[in-house]
Amino acid sequence: MFRILVLDDIAQEGIDLLEATKGIEYEVRTKLKGEELRKSLNEFDGAILRSGVTITPESLQGNTRLRALVRAGVGTDNIDKPAATRRGIVVMNTPGGNTVSTAEHTFAMLLALSRNIAPAHQSLVEGRWDRKAYMGTQVAGKTIGIVGMGRIGREVASRARAFDMKVIAFDPFLTDDQAESLKVERVDTVDEMLPLIDYLTVHTPLTPETKGLIGMAQLDKVKPGLRVINVARGGIYDHDALVKGLESGKLGGVALDVYENEPCTDSPLFKMPGTCCTPHLGASTEEAQTQVAVEGIHLLINYLKTGEIRHSVNVASLDPKTLDELRSYLNIAHRLGLLVHQWHGGGIDHVRLLCRGVVAGKDTRVLSNAFCAGLLERVVEDANVINSEMLLRERGIELTVEHNTEQGAFTSSITVEVSGGGKTVSAGAAVLGHEMPRLILLDGYRLESFLDGRLFVFAHKDVPGIIGSVGTIFGNNGINIAQMAVGREGNAAGGDAIGVLSLDSDVPEAVMKELMSIDAITQAKLIELPAAGELPSWMS
Ligand SMILES: NC(=O)C1=CN([C@@H]2O[C@H](COP(=O)(O)OP(=O)(O)OC[C@H]3O[C@@H](n4cnc5c(N)ncnc54)[C@H](O)[C@@H]3O)[C@@H](O)[C@H]2O)C=CC1
Ligand SMILES: O=C(O)CCC(=O)C(=O)O
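Conventions used here
Residues numbered from 1 in each chain as written. Chains lettered and ligands numbered in written order. Predicted model: local features only at pLDDT ≥ 70, side-chain atom pairs only at ≥ 80, totals over all residues. Helix = DSSP H or I, 4+ residues; strand = E, 2+ residues; numbered from the N terminus. Rg over C-alpha atoms; globule rule 2.2 N^0.38 Å. Buried ≥ 20, exposed ≤ 12 C-beta atoms within 10 Å, placed from the backbone. Contact = placed C-beta atoms within 7 Å. Near = placed C-beta within 6 Å. Nonpolar A, V, L, I, M, F, W, Y, C, P; charged D, E, K, R; others polar. Domains from an automatic or database assignment. Arc of directions from axis to C-beta. Axes fitted to C-alpha atoms, helices over the stretch in contact; angles between N-to-C directions. Parallel < 35°, antiparallel > 145°, perpendicular 65-115°, else oblique. Left-handed = near helix turned anticlockwise from the far one by under 90°. Pairing = 2+ DSSP bridges. Core = buried A, V, L, I, M, F, W, Y, C linked by C-beta atoms within 7 Å. pLDDT = per-residue confidence, 0-100.

Description of the overall build of the protein
In terms of helices and strands, the protein carries 16 helices and 22 strands. At 31 Å, the protein has a C-alpha radius of gyration far larger than the 24 Å of a compact globule built from 540 residues. For the protein, the spread of C-alpha atoms along the principal axes amounts to about 105 × 45 × 35 Å. Taking all 540 residues of the protein together, the buried fraction comes to 43%. When contacts within the protein are restricted to residue pairs at least 6 apart in sequence, those whose partners lie at least 24 apart make up 66%.

This is the structure:
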């Protein structure tokens, strides 16, 4: 039974979906903060939220249960993503579900500013019939500047064109061809558009580049009377510059839906003429809320039940088709991580992963994540497929991933190499037949061994009698050998070799000592891998 926590008010359709889904239990706990939030998050496998809750590193402190956080909406700025990633929690959002509603709200604000809708209504509330005071401006024929031509920016552009406005757009990823097909004029900087536009609207996340996009310096460049709208994130316009701009007449109007600190009920702008402000209502339509709630709940359930990752903002996506195609390779990548960690046995600083054959043409990010998870999970508490690459980097371990789509001896194979402390070990694996993971390479020696359960791995001199001696010791101690593989240098005896024995039971310390006393054995280790067919929880 998976437990899901609903942290904000979401549409009833989302709750109905939770009710209707077998194997899911849920609770609604809104307005949580501090210790109460921290404790609650640790009682659930997944949580869904909007912008009413902030997930800080402290909220996730000591969390050992939560596997996914879903934002029913676009902006995940209220979730500390590095902290979530470090804890192995996948963060997903529902892009697209509220795009049209937010674009419509932007346009509602643009029109409200142009026609003084809010103050004119207020004048009637106050008993005044004052037509002169609310002379407006026509939008047709005017120019609008759009910063951020993603989903919402594009919808705003299409509405602006429908209103016979000219559109000038800036987005570092907007190409000339895209601009042409969207019928907008592309500029290279925001400053370039400022003297040309009558309206400015922003549709970007709040980033170091977009913070304070309109500040005091920009006011000198704007066409006097510019009306500015922000339905994206508070802080993109500098608040003091907006106040000064309105006071000086540089700005003809300010419409805000979002604020640097929310909830925000106190701002000098709220009382100034020429403003129109709403309390973060961009996505507040029944349609948008239904869509983001249902989509968000689907994302959570699918991830918890199948491992499918969609719309993740902190890890590579893993759709059901890719998951199905890659499941057996994820499995061997993870097993290789576990194996080389134990076989190397020391501190590592470099990791190399080579995907070869058909698998090299797939999305290998998730394979390297699975390998890193295996590499770290015995030493780093809670390392998993979500956080392992980050944990690796945080430990200064360099990871390189290479691809070679040319097939070698196998349709697909994965080879890994880890180095550190003056020692390098390598291993390769492939999937034979139907779901049979096999070790095909160890420290450069070709062999074919099981890749599960308890393995006794021993590097040795390839001299007569060695296999017999090892077998005798195991036999004398009642330890059954299920399978044996040996790889050696070249075709002749006498060189170095490696043996991998698959054992049916544990090897006591004394037996290991006895084995190590065989002269020809240079190194030996007992390696523990998951049993055949056993998958980590994130892959099952
Ligand atoms: N007020 C509300 O209720 C809502 C607000 N939003 C906000 O709107 C924002 C945009 O949402 P979407 O269009 O869905 O996102 P999106 O990811 O589709 O588009 C964002 C665009 O901003 C561009 N961008 C990033 N940095 C930029 C920069 N420095 N200068 C110019 N362009 C830049 C990106 O290239 C991208 O095209 C989100 O960040 C979200 O926080 C979204 C939904 C509802
Ligand atoms: O949940 C909401 O209504 C806020 C929507 C929003 O800001 C977003 O999706 O980024």
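Focus on unusual backbone geometry
Going from E262 to P263, the amide bond is cis rather than trans, its omega being 0°. Among the structural elements, P263 can be located in the loop between β11 (251-256) and β12 (275-277). In the Ramachandran plot, N116 falls in the positive-phi region, its phi being about 50° despite a non-glycine side chain. Secondary-structure assignment places N116 in the loop between α4 (99-114) and α5 (117-125). The class of N116 is buried, set by 20 C-beta atoms lying within 10 Å. Positive phi, close to 50°, is recorded for H280, a residue that is not glycine. Mapped onto the elements of the fold, H280 is located in the loop between β12 and α11 (286-306). Judged by the 20 C-beta atoms lying within 10 Å of it, H280 is buried.

Overview of the site of ligand 1
With respect to spatial proximity, 32 residues lie near ligand 1, and among them G75, G148, G150, I152 and G282 are the closest. When contributions to the shell around ligand 1 are tallied by element, the ones reaching two or more residues are α4 and α6 (151-162). No other element matches α6, which puts three residues into the shell around ligand 1. Each residue belonging to the shell around ligand 1 can be placed in one class, and the counts come to 13 nonpolar, 14 polar and five charged. Two domains share the shell around ligand 1, each providing at least three of its residues, namely domain 1 (2-97 + 286-306) and domain 2 (99-277).

Some points on helix α1 (residues 12-20)
If you check which residues of α1 are buried, you get G14, L17 and L18. Seen from one end, α1 has its buried residues packed into an arc of 100°, which puts them on one side. Along α1, exposed side chains directed more than 90 degrees from the buried face belong to E19 and A20. Check the buried side of α1 and you find it contacts β1 (2-6), β2 (24-28) and α11.

Side note on the packing of α1 against α11
The interhelical angle for the contact between α1 and α11, taken along N-to-C directions, is 25°, at an axis separation of 7 Å. Overall, the two elements α1 and α11 adopt an arrangement that is roughly parallel. Both α1 and α11 take part in a crossing whose hand is right-handed. Where α1 abuts α11, its residues E13, G14, L17 and L18 lie against T290, A293, V294, G296 and I297.

Topic: the domain arrangement of the protein
Examined at the domain level, the protein breaks down into domain 1 (2-97 + 286-306), domain 2 (99-277) and domain 3 (320-539). Domain 1 and domain 2 are separated by 32 Å when their C-alpha centres are compared. At the junction of the two partners, domain 1 supplies seven residues and domain 2 supplies seven residues. When grouped by side-chain class, the residues that make up the side of domain 1 that touches domain 2 number two nonpolar, three polar and two charged.

Focus: the environment of G34
Along the chain, G34 turns up in helix α2 (residues 34-41). A count of 10 C-beta atoms within 10 Å places G34 in the exposed class. C-alpha of G34 to C-alpha of L399: the two residues are 365 residues apart in sequence and 36 Å apart in space.

Remarks on the sheet that holds strand β20 (residues 481-488)
The strand order across the open sheet formed by four strands is β20-β21-β19-β22, and the pairing between neighbours is antiparallel. At either end of the open sheet lies a strand with only one pairing partner, and these are β20 and β22 (521-528). Sheet twist, expressed as the mean angle between neighbouring strand axes with direction ignored, is 15°. The pairing of β20 with strand β21 (residues 496-503) spans seven bridges and is classified as antiparallel. Following the sheet pairing, A485 is matched in β21 by V500. With respect to the sheet, helix α12 (residues 320-344) is in contact with β19 (454-461) and β22, its orientation differing from that of β22 by roughly 140°. Each of β19, β20 and β21 is contacted by helix α15 (residues 466-476), which is oriented at about 155° to β20, the strand it contacts most.

Describing the nonpolar core
One finds I4, A47, I48, L336, L367, I414 and A427 to be the most contacted residues of the largest nonpolar core, which totals 99 residues. It is α12 that contributes the most residues to this core, ten residues altogether. Every residue in contact with A427, bar those within four places of it in the chain, is listed here: L336, L339, V340, V416, L439, L441 and L442. Counting residues in each nonpolar core, the second largest holds 48 residues, with I146, V147, M165 and I197 among its members.

Describing the confidence of the model for the protein
If pLDDT is low for a region, its predicted coordinates should not be looked at in detail. Across the protein, the average pLDDT comes to 94, with 99% of residues at or above 70. Both scores are given for the predicted complex: the pTM is 0.82, the ipTM 0.99.

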